[in-house]
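Listed below, chain by chain, are the residues.
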Amino acid sequence: MARITKAVFPVAGFGTRFLPATKAMPKELLPIIDKPIVQFAVEEAVAAGITELIFVTGRNKRAVGDHFDANLELENQLMAKGKKELRDMVRNIVPEGVACIFVRQPEPLGLGHAVLCAAPAVGDNPFAVLLADDLMRGALLPTAALVDAFAKNPRSILSVSEVPLSEVSKYGILRLGVPAEDGMISVAGLVEKPDPAQAPSRMASFGRYVFTPEIFDLLRVLQPGAGGEIQLADAIDQLAAQGKVSAILNPSMRYDCGDKFGYLTAIVDTALGDPVYADRFAALLRDRLAKQAAQDAAE
């Protein structure tokens, strides 16, 4: 099986939880300080050896393509003003040797359908899927861990984390199989957003996967599931029933940037880890907290 060099980014969603900001701006371009959420996912993929980035877009998502496309007018203006460092940063958003491919999802028919739309660009190759809503920080990021695990055992693999029982209804939850000898987690099935009382485990799948191309065969014939959409979780469940899915633990810190509080947390933690802003930002937080505590005490 070939090494994974293709990654699919489903970016066709409407981002309704962030309206009105996302009325005209794709949610994937919401910034974490000065970098769009989707760029973190792209950098994660590129660091894992991905050389083909396949974006599945929808209506009103042209701005995502514009962000990763060249902008010669802007580059020339920056150079004319002597801002070569900024010019180089803009020019190198997509590194040399990495290609961007844009595929249209004609209707919002679910995540499984979005992945299926990428099939012509993926071809008969293994591939990664990254959901930009999930921002990852750490020394080892999940896509690199998945690519390395696939190289040792070529099969569909999920990146997972254990979540509190109160949160299992937010995720696809694993039905665990027999312990595997290769160090991976055996997956017997995947239950989408179960009631906590019926959850088969607390091991949650989220927005990082690698798949063999046989996932497309399942998606092509899959009947609509929850919400009348083609659910990727249903296809994973069927593939797992055939004994063809494993999982590995997410090695990094995950931020759910599809959630407003998760997005705010990502901004705060990124700022506190920034070599330029960390000290000033930490001082600002301490000052604001002290003032709030004093105000609460006075009341």
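I will try to describe carefully the structure that is included in this document. (Residues numbered from 1 in each chain as written. Predicted model: local features only at pLDDT ≥ 70, side-chain atom pairs only at ≥ 80, totals over all residues. Heavy atoms only, no water.)

### Some thoughts on the overall build of the protein chain
So, step 1. Scanning the protein chain for helices and strands turns up 11 helices and 13 strands.
So, step 2. Relative to the 2.2 N^0.38 estimate, which gives 19 Å for 299 residues, the radius of gyration of the protein chain is 21 Å and therefore close to what a compact globule would have.
So, step 3. A principal-axis box enclosing the C-alpha atoms of the protein chain has dimensions of 55 × 55 × 35 Å.
So, step 4. A burial count over the protein chain gives 45% of its 299 residues as buried.
So, step 5. Sequence separation of at least 24 residues holds for 75% of the intrachain contacts in the protein chain that already meet a minimum separation of 6. (Helix = DSSP H or I, 4+ residues; strand = E, 2+ residues; numbered from the N terminus. Rg over C-alpha atoms; globule rule 2.2 N^0.38 Å. Buried < 20%, exposed > 50% of the residue type's maximum accessible area, 1.4 Å probe, protein only. Contact = heavy atoms within 4.5 Å.)

### Thoughts on the pattern of salt bridges
So, step 1. On inspection of all chains with the given rule, the structure shows 12 salt bridges.
So, step 2. Two residues, Glu-162 and Arg-202, come together in a salt bridge whose shortest N-O distance is 3.6 Å. Placement of Glu-162 in strand S8 (residues 156-162) and of Arg-202 in the loop between strand S10 (185-192) and strand S11 (203-211) is noted, with a sequence separation of 40 residues between them.
So, step 3. On the basis of relative accessibility, which here comes to 54%, the residue Glu-162 falls in the exposed class.
So, step 4. The network of salt bridges with shared partners includes Asp-287, Arg-288 and Lys-291. (Salt bridge = Lys/Arg side-chain N within 4 Å of Asp/Glu carboxyl O.)

### Considerations on unusual backbone geometry
So, step 1. Residue Pro-20 is bonded to the preceding Leu-19 through a cis peptide linkage, with omega at 10°.
So, step 2. A positive phi angle, close to 65°, is found at Ile-33, a residue other than glycine.
So, step 3. Note on placement: Ile-33 falls in the loop between strand S2 (31-32) and strand S3 (35-36).
So, step 4. Positive phi, close to 45°, is recorded for Lys-193, a residue that is not glycine.

### With respect to the packing of helix H8 (residues 214-221) against helix H9 (residues 232-241)
So, step 1. Where H8 contacts H9, the axes come no closer than 9 Å and their chain directions differ by 120°. By the angle between their axes, H8 is oblique relative to H9. The handedness of the crossing between H8 and H9 is right-handed. The residues of H9 that touch H8, namely those facing Glu-214, Ile-215, Leu-218 and Leu-219, are Ala-235, Ile-236, Gln-238 and Leu-239.
So, step 2. Of the residues in the contact of H8 with H9, the class split is six nonpolar, one polar and one charged. (Axes fitted to C-alpha atoms, helices over the stretch in contact; angles between N-to-C directions. Parallel < 35°, antiparallel > 145°, perpendicular 65-115°, else oblique. Left-handed = near helix turned anticlockwise from the far one by under 90°. Nonpolar A, V, L, I, M, F, W, Y, C, P; charged D, E, K, R; others polar.)

Keep in mind these values describe shape, not function.
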